[in-house]
Amino acid sequence: AASPDHPREAQTFFFPFAKTFSLSSRWRAAAASPTFLHACARVPSRDPWFLMLSDSDSGPRPPVAFDAAGRTWNRCHAAPGAAVPVAASAGLVLYRAPATGALTVANPLTGASRALPSPPQQAARQLQAIAMYGAGGPYRVALFAGDLPDDLSMAVYDSSSNSWEGPLPLARKPGDDSCPDAPAPDDTVYFLSKSGDVVATNMQRSASKQYSSSVVVRRDVDGDADAAFAYFLSYSGTVVACDTARRTFAELPRILPVYFEYSIDVVACGAAAYAVVLSEYLGTASLRVWEFAGGAWRQVAAMPPAMAHAFRGAKADVNCVGH
C-alpha cells in the first residue's frame with residue numbers, strides 16, 4: 001500500500017526465491033532486466049476503489065472503500081481529527097482541517113499519515129481550489145487562491161523536498177477575456193448549489209467539495225515533461241482551467257446561461273477534462289457531458305432521456321469520478 005512519506009512503496013513485486021532470501025547482484029540484475037520489466041507491464045491494472053463518505057446526526061462516520069473489481073466493501077481509517085477530505089491521488093487522500101487550514105496526507109486503508117508543513121500565509125487567503133497529483137512517485141499539492149476574475153496565484157507542495165514553493169502569480173491566458181456573459185458585480189444571481197438548493201450570488205458546496213478540482217496530466221507541447229492542468233469551479237459557477245507548468249489560467253465560457261438552474265461537476269478522465277451538467281428545462285431533466293475543445297464547449301455524451309427524467313425535481317447533487 002502507498003505511504004504518504006514513501007509513495008513509491010506502492011509498487012511491490014514478489015520473487016520466487018528458491019534457497020536464499022538475500023538480494024544479491026543477480027537478483028538486482030534480474031529485476032532490472034527487459035524481460036522482467038516487460039512481464040510486469042503485462043500485469044493488468046486493477047479497477048479503482050471508490051472512497052465513500054457519509055454523515056449522520058451523531059457526526060461523520062468512518063469512510064469505506066468500494067472495490068469495483070471484487071464488488072466488496074472495505075473499512076477505512078477515520079480522518080485525522082476533524083479534517084475533511086479535499087483531494088486524492090494515487091490512493092492517497094488529502095485532508096484539510098476547516099478551523100486551521102492544516103493539511104494532512106493519509107492512506108485511508110492503512111492509516112499511515114503525514115502532516116504537511118504550513119503553506120504560505122498568502123495561499124490560505126481567498127482559497128479557490130486545492131489540487132493533488134502524481135502517480136506512483138512524489139506527489140504535489142497545489143493551492144489556488146485569489147480573487148477571480150483577475151487575480152489568481154498558486155502555491156505548490158512537493159513531497160520529495162517536503163517544502164512549499166510560491167505563491168506564484170498566474171497570468172491570464174492570452175486571448176482570454178474572462179467569461180463574456182458574467183453578471184455584473186452588483187447583480188443578484190441564483191444558482192443550483194452542489195447540495196441541490198437554490199442559493200444567491202455564489203455557488204455553495206459541501207465541505208468536501210468546497211475546494212475540489214480535477215487534474216489532467218498531459219505531455220507538454222515540447223514533449224519534454226508532463227504538465228498538470230487543474231480544473232475547478234469558481235464560486236460563480238464557471239470552469240477555471242490552470243496550467244501549472246506555464247503558470248497561466250483561463251475562465252472558460254458558461255455552458256448554460258447565467259440565470260439557468262443547474263448542478264455541475266468537473267471530472268478528469270484519461271488525458272481530458274469534462275463538465276457533467278444536470279439541468280431542468282420544460283418539465284424534464286437532462287444530464288449531459290461536455291468537453292472544452294477548440295475554444296468552445298461541445299457535447300460528447302448524454303444520459304438517455306428516459307433515465308435523466310428520473311432526476312426531475314430531485315435536487316440531485318452531481319459528483320463524478322473518472323477512470
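Reading the values: the criteria
- Residues numbered from 1 in each chain as written.
- Predicted model: local features only at pLDDT ≥ 70, side-chain atom pairs only at ≥ 80, totals over all residues.
- Heavy atoms only, no water.
- Helix = DSSP H or I, 4+ residues; strand = E, 2+ residues; numbered from the N terminus.
- Buried < 20%, exposed > 50% of the residue type's maximum accessible area, 1.4 Å probe, protein only.
- Areas by Shrake-Rupley, 256 points an atom, 1.4 Å probe, with all protein chains shown as cover.
- Polar contact = N/O pair within 3.5 Å; in protein donor to acceptor, adjacent residues only side chain to side chain.
- Core = buried A, V, L, I, M, F, W, Y, C linked by side-chain atoms within 4.5 Å.
- Contact = heavy atoms within 4.5 Å.
- Pairing = 2+ DSSP bridges.
- Axes fitted to C-alpha atoms, helices over the stretch in contact; angles between N-to-C directions.

**Q** Can you help me understand the overall build of the protein chain in this one?
**A** Scanning the protein chain from N- to C-terminus turns up three helices and 24 strands. Across the 323 residues that make up the protein chain, the buried fraction comes to 40%. For the protein chain, the exposed area adds up to about 18200 Å²; of that, 54% sits on carbon and sulfur atoms.

**Q** Explain the side chain of Asn107 here, please?
**A** Summarising the element assignment, Asn107 is placed in the loop between β8 (103–106) and β9 (113–115). Within polar-contact distance, the side chain of Asn107 engages the backbone nitrogen of Leu109 at 2.9 Å.

**Q** Sorry, what's going on with the nonpolar core here?
**A** A general trend in soluble globular proteins is that nonpolar side chains are found buried together. By size, the foremost hydrophobic cluster in this structure holds 20 residues, and its most contacted members are Tyr231, Val239, Leu252, Ile255, Ile264, Val277 and Trp297. Only β18 (226–233), β19 (239–243), β21 (262–269) and β22 (272–281) provide two or more residues apiece to this core. Dropping the residues within four chain positions of it, Tyr231 is found in contact with Ser213, Ser214, Val216, Arg218, Val239, Val240, Ala241, Val266 and Ala273.

**Q** Mind showing me how you'd approach the sheet that holds β9 here?
**A** Each strand in a sheet pairs with another by means of backbone hydrogen bonds, the pair being arranged parallel or else antiparallel. Pairing in this open sheet of four strands is antiparallel, and the strands run β6-β7-β8-β9 from one edge to the other. Across the chains shown, the open sheet's two edge strands, defined by having one partner strand only, are β6 (84–89) and β9. For this sheet the average axis-to-axis angle between neighbouring strands, irrespective of direction, equals 25°. Here β8 runs beside β9; their pairing, made up of three bridges, is antiparallel. Along β9, the bridge assignment pairs Ala106 with Ser113.

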